[in-house]
Amino acid sequence: SSLSLLLQKWVVFTLSASSSLGCLSCLLGLTVSMGLTLGSQGRVLLAPCAIGDIALAPVSRECPFDPTRVYVSPQWAAGDW
């Protein structure tokens, strides 16, 4: 019984430590991406866009997302939320 309790404590500790490391790595990634975005005034977000004119980049198929578009679900737009 004592061995089982000790094993359970180590399992919980190990899961907690690995969860904390995962959280810290996500926080580091978020901090780096925010720093790159703020440091380049948003140009890094549009860097994968293959189009020459940055004003036309959001409508390009090569651009991963449209930063100028407002995404609204139909239920929210109709007021059914």
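What you see is a predicted model; the values in this text were computed from it and never measured.

A. Seen up close, the overall build of the protein. Secondary structure summary: the protein contains two helices and zero strands in total. Looking at the protein residue by residue over its 81 residues, the buried ones come to 11%. For the protein, the accessible surface area stands at approximately 7,000 Å², while carbon and sulfur atoms represent 68% of it.

B. Fine view of the UniProt feature "transmembrane region" (unreviewed entry) in the protein. Per the UniProt record, "transmembrane region" (unreviewed entry) is found at residues 12-36. Between the C-alpha atoms that bound residues 12-36 the distance is 36 Å, and the span itself is 100% helix and 0% strand.

C. Spotlight on a nonpolar patch on the surface. Together, Leu-21, Leu-24, Leu-27, Leu-30 and Met-34 make up a nonpolar patch on the protein surface, roughly 520 Å² of accessible area in all. For Leu-21, the location among the structural elements is in helix α1 (residues 2-39).

D. Local environment of the packing of aromatic side chains. Applying the stated criterion to the full structure yields one aromatic pair. A centroid spacing of 5.6 Å and a plane angle of 90 degrees characterise the contact between Trp-10 and Phe-13, whose relative ring orientation is edge-to-face. Taken as a pair, Trp-10 and Phe-13 lie in helix α1 at a separation of three residues, close to a single helical turn. Its relative accessible area of 52% is what places Phe-13 among the exposed residues.

About the thresholds
Residues numbered from 1 in each chain as written. Predicted model: local features only at pLDDT ≥ 70, side-chain atom pairs only at ≥ 80, totals over all residues. Heavy atoms only, no water. Helix = DSSP H or I, 4+ residues; strand = E, 2+ residues; numbered from the N terminus. Buried < 20%, exposed > 50% of the residue type's maximum accessible area, 1.4 Å probe, protein only. Areas by Shrake-Rupley, 256 points an atom, 1.4 Å probe, with all protein chains shown as cover. UniProt positions renumbered as here; feature names shortened; annotations may be inferred. Patch = residues over 30% accessible without salt bridge, like charges linked within 9 Å, V, L, I, M, F, W, Y side chains within 5 Å. Salt bridge = Lys/Arg side-chain N within 4 Å of Asp/Glu carboxyl O. Phe/Tyr/Trp six-rings, centres within 6.5 Å; stacked < 30°, edge-to-face > 60°.

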